[in-house]
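Structural description and commentary
So the chains spell out like this:
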Amino acid sequence: MERRRWSLNSPPWCRNETLTRVKTPQGLRRPSRRKDLTAALKGALSGPLEALMLGLMRSTAQYDASELKASMKGLGTDEETLIEIVCSRNNKELEEIKKVYKDMFKKEVEKDIAGDTSGDFAKLLLALVQTKRDEPSNVVDYEKIDEDARSLYEAGVKRKGTDVATWISIMSQRNVPHLQKVFERYKSYSPYDIKESIRKEVKGDMEKSFLTLVESIENRQLYFANKLNDAMKGKGAKEKVVTRIMVSRCEVDLMKIRTEFRNEYKISLYQTIAEHTKGDYQNALLSLCGGDD
């Protein structure tokens, strides 16, 4: 039972501000230490509100690391979470996640990924967590852009079967501005754009992974806006997806995600949350969102 009530009188949206809006449940003394507060939250809350509040008790890297661990824990793999985190984070974020993951779980994240995935899917995820992506440069190498665009085309649409290794190499190692230009140049070789080509060439987890990569490279904030919209279509909401994005991005780029959401869907993220969630969970998300646009 969700027993806490929220106050939305002021606009800050970061995790600490949202946590301070929680009133202590009746009969529960407000703990002074973070560890005690976590235990108190577990005892006082349940369901999506509990998941949201416990997520806010962690740093961004700790939250991402814990979500990765949970996605690979026990029987089966939560591929959606695994793909979203690994394929949408930049070098700096992935390096911090790897460090925190080892501190928290006493194991390398690469080993867990290798043990829980297989084939080309494992190769792509491992290539990304190795953080070999070039850093952006002030020099635009048009020859390399053309070469990479042609290589992507020749490794996929042009031939029978797909040379996935070439796709993985280019998409995991080139910097973001370079790849944005590569995807534009690709259209001069292929009758399909890069996303259409991916849908034609690969299926399942590989399709989802490459599409997540491309969408994050093209516009990362729009990617998250689209995922939030998809999670809140129709009746109710996919609370796990909404919680994961709101918690993981609240101190990174949530304001930009709000802007992209408004531009794309002509309605604010705040209004969408209000329409598709309810109760204390809704109040918490609205506090985290920070305001209407």
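Preceding block: the structure.
Remember, it's a predicted structure, so these values are computed and weren't measured experimentally.

Right, let's talk about helix 14 (residues 239-249) for a bit. Among the 11 residues of helix 14, nine are classified as buried, and the element is accordingly described as predominantly covered. Turning to helix 14, its buried residues number three or more, namely V241, V242, T243, R244, I245, M246, V247, S248 and R249.

Our next topic: the packing of aromatic side chains. For any pair of aromatic rings, geometry is given as the distance between the ring centres together with the angle between the planes. Summed over the entire model, instances satisfying the criterion amount to five aromatic pairs. With 6.4 Å between their ring centres and 25 degrees between their planes, Y153 and Y189 make a pair best called stacked. Of this pair, Y153 sits in helix 9 (residues 142-155) while Y189 sits in the loop between helix 11 (176-186) and helix 12 (194-201), and the two are 36 residues apart along the sequence. Given the relative accessible area of 16%, Y153 is considered buried. When the centroid spacing of 5.1 Å and the interplanar angle of 50 degrees are considered together, the rings of F261 and Y265 count as tilted. Taken together, the residues F261 and Y265, both in helix 15 (residues 254-265) and four residues apart, mark about one turn of the helix. Over the face of the ring belonging to Y192 we find K200, whose NZ or CZ atom lies 4.5 Å from the ring centre.

What follows is about unusual backbone geometry. At T131, a position not held by glycine, the phi torsion is positive, near 50 degrees. Within the secondary structure, T131 sits in the loop between helix 8 (119-129) and helix 9. You will see that K266, though not glycine, has its phi angle at about 60 degrees, which is positive. Note on placement: K266 falls in the loop between helix 15 and helix 16 (269-276).

What the rule picks out here adds up to 23 salt bridges. E108 is the salt-bridge partner of K102, the closest N and O atoms lying 3.1 Å from each other. With its nearest N and O atoms 3.5 Å apart, the salt bridge here joins E147 to K144. Here E147 and its partner K144 are both found in helix 9, three residues apart, which amounts to about one turn of the helix.

This part takes up the nonpolar core. General note: in soluble globular proteins, nonpolar side chains tend to be found buried as a group. Counting residues in hydrophobic clusters, the biggest one holds 44 residues, and the most contacted among them are L68, L152 and F210. In this structure, F210 is in contact with L124, V164, W167, I168, M171, I198 and V202, ignoring residues within four places of it in sequence. Within the second largest apolar cluster, 34 residues are counted, among which are L45, L56, Y223 and A284.

Quick notes on the rules
Residues numbered from 1 in each chain as written. Predicted model: local features only at pLDDT ≥ 70, side-chain atom pairs only at ≥ 80, totals over all residues. Heavy atoms only, no water. Buried < 20%, exposed > 50% of the residue type's maximum accessible area, 1.4 Å probe, protein only. Helix = DSSP H or I, 4+ residues; strand = E, 2+ residues; numbered from the N terminus. Phe/Tyr/Trp six-rings, centres within 6.5 Å; stacked < 30°, edge-to-face > 60°. Lys NZ or Arg CZ within 6 Å of the ring centre and 35° of its normal. Salt bridge = Lys/Arg side-chain N within 4 Å of Asp/Glu carboxyl O. Core = buried A, V, L, I, M, F, W, Y, C linked by side-chain atoms within 4.5 Å. Contact = heavy atoms within 4.5 Å.

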